[in-house]
Amino acid sequence: MTEELWAQVDDYTNGLLVEQDAALKTAAKASAEAGLPEIAVAPNQGKLLHLLALANGADRILEIGTFGGYSTIWLGRALTEDGKLVTCEAEPSFAARAKSNIEAAGIADRVDLRIGKALDTLPVIEAEGIGPFGLVFIDADKANIPEYFDWALRLTRRGSVIVVDNVVLQGLVTAADSPNPAVQGVRRFHERLAAEPRVSATTVQTVGGRGHDGFTFALVTG
Ligand code: DHB
Ligand code: MG
């Protein structure tokens, strides 16, 4: 009953506040097409990313974990025509699906999709000097979140924001002895954040149509 209520509230508020065009609706189907549970961000979280990018005035955005391009579209639509979004995807079949969704959304001119493991691609992005990025969104494999965060810090500047998805994992983040690499990833990430003087961060738990999870918002202050 509780999860049903969370989903009802999402449906109600999204119905009033979160408009999705055909391109977003198509991109939202990527999970089902790949035979996966819903792993793209929820519509209200997609819009939050869009608003954060607008509020920050980001003209360079980095995304780690493209999946079907749903969050990419929300973020890319916050850019002006001369803005740039670089998005990294390790799984070629996801990248192919994302490419067509990004084209359908009319933002292919602003989106630079890199296929390959992000830990291999990020040094290339640094060497190319594309940054600094005003906003970084981390939404890839959870075991490597601390490493992605370190790269995000290297590629940002004072005033940039770093948003990280799935940092609560249905509450498993508190399971200190869990052998699950994702749990250890989100725990190491929080410990890394706590020790990092160059950012000020907070984690917000979420419930809704995607169950119980959460995201971290980190502001680069130094
Ligand atoms: C998973 C990944 C995600 O990014 C997410 O938002 C939910 C679930 C997963 O891999 O299970
Ligand atoms: Mg996610």
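Residues numbered from 1 in each chain as written. Chains lettered and ligands numbered in written order. Predicted model: local features only at pLDDT ≥ 70, side-chain atom pairs only at ≥ 80, totals over all residues. Heavy atoms only, no water.

*Asks:* Describe the overall build of the chain, listing the residues and the values that go with them.
*Replies:* When helices and strands are tallied, the chain shows 9 helices and 7 strands. Against the globule reference of 17 Å for 222 residues, the chain gives a C-alpha radius of gyration of 16 Å, in line with a compact fold. Along the first, second and third principal axes, the C-alpha set of the chain runs to 45 × 45 × 30 Å. Within the span of the chain, comprising 222 residues, buried residues form 48% of the whole. Relative to all contacts within the chain whose residues are 6 or more apart in sequence, the contacts with residues 24 or more apart total 70%. (Helix = DSSP H or I, 4+ residues; strand = E, 2+ residues; numbered from the N terminus. Rg over C-alpha atoms; globule rule 2.2 N^0.38 Å. Buried < 20%, exposed > 50% of the residue type's maximum accessible area, 1.4 Å probe, protein only. Contact = heavy atoms within 4.5 Å.)

*Asks:* I'd love a proper account of the coordination of the magnesium ion (ligand 2), names of residues and values included.
*Replies:* Around the magnesium ion (ligand 2), the protein contributes the donor atoms D139 (OD), D165 (OD) and N166 (OD1), at 2.0 to 2.1 Å from the metal centre. Counting along the primary sequence, the residues that act as donors to the magnesium ion (ligand 2) give the motif D-x25-D-N. Separated by 27 residues along the polypeptide, D139 in the loop between β4 (135-138) and α8 (145-154) and N166 in the loop between β5 (161-165) and α9 (181-194) bring together distant segments of the chain. Relative accessible area serves as the criterion here: at 15%, N166 is assigned to the buried category. (Donors = N, O, S within 2.8 Å, 3.2 Å for Na, K, Ca; no water.)

*Asks:* Could you give an account of the pattern of salt bridges, naming the residues involved and the relevant values?
*Replies:* Opposite charge on two side chains makes pairing possible when the charged atoms of those side chains draw close. For the structure shown, the criterion picks out 13 salt bridges. Across the pair E103 and K99 runs a salt bridge whose closest N-O atoms are separated by 3.0 Å. Separated by 4 residues within a single helix, E103 and K99 lie in helix α6 (residues 92-104), roughly one turn from each other. Taking the shortest distance from any N to any O, the salt bridge between E196 and R198 comes out at 2.8 Å. Assessed through its relative accessible area of 7%, E196 is described here as buried. A residue is classified by how much of its surface remains accessible, and R198, at 38% relative accessible area, is partly exposed. In the salt-bridge network here, residues are joined through shared partners; they are D150, R192, E196 and R198. (Salt bridge = Lys/Arg side-chain N within 4 Å of Asp/Glu carboxyl O.)

*Asks:* Account for the pairing of β5, with residues named and values stated.
*Replies:* Successive residues of a regular strand alternate their side chains across the two faces of the sheet. Across the 5 residues of β5, 5 count as buried, placing the element largely inside the fold. In β5, alternate side chains face the same way, and those of V161, V163 and D165 on one face and I162 and V164 on the other are all buried. Direction of pairing for β4 relative to β5: parallel, over a ladder of 4 bridges. Bridge pairing in β5 places V136 opposite I162. Handedness of the β-α-β unit built from β4, α8 and β5 comes out right-handed. (Pairing = 2+ DSSP bridges. Right-handed = clockwise from strand over helix to strand, strands pointing away.)

*Asks:* So what's going on with the side chain of D139? Which residues, and what values?
*Replies:* With relative accessibility at 13%, the residue D139 sits in the buried group. Side chain to side chain, D139 and K142 meet in a polar contact 3.2 Å long. Among all residues touching D139, those that are not within four sequence positions of it are I39, V41, I64, G65, D165 and N166. (Polar contact = N/O pair within 3.5 Å; in protein donor to acceptor, adjacent residues only side chain to side chain.)

*Asks:* Can you tell me about the packing of aromatic side chains, naming the residues and giving the values?
*Replies:* How two aromatic rings sit relative to each other is set out by the distance from centre to centre and by the angle between their planes. All told, the structure shown has 2 aromatic pairs when counted by the stated rule. Measuring from centroid to centroid gives 4.8 Å for F67 and F94, while their planes differ by 85°, and the two rings are edge-to-face. Here F67 is found in the loop between β1 (60-64) and α5 (70-76), whereas its partner F94 is found in helix α6, with 27 residues between them in sequence. Residue class for F94 comes out partly exposed when judged on its relative accessible area of 22%. The residue whose ring lies beneath R154 is W151, and the NZ or CZ to ring-centre distance is 4.7 Å. (Phe/Tyr/Trp six-rings, centres within 6.5 Å; stacked < 30°, edge-to-face > 60°. Lys NZ or Arg CZ within 6 Å of the ring centre and 35° of its normal.)

*Asks:* Quick rundown of unusual backbone geometry? Include the residues and the values.
*Replies:* Each neighbour pair has its own omega, and for G131 with P132 the value is 0°, a cis peptide bond. With respect to the secondary-structure elements, P132 resides in the loop between α7 (118-128) and β4. Although it is not a glycine, L169 sits at a positive phi angle of roughly 50°. Note on placement: L169 falls in the loop between β5 and α9. The exposure class assigned to L169 is buried, which follows from its relative accessible area of 15%.

Interpretation in functional terms is not warranted from these geometric data alone.
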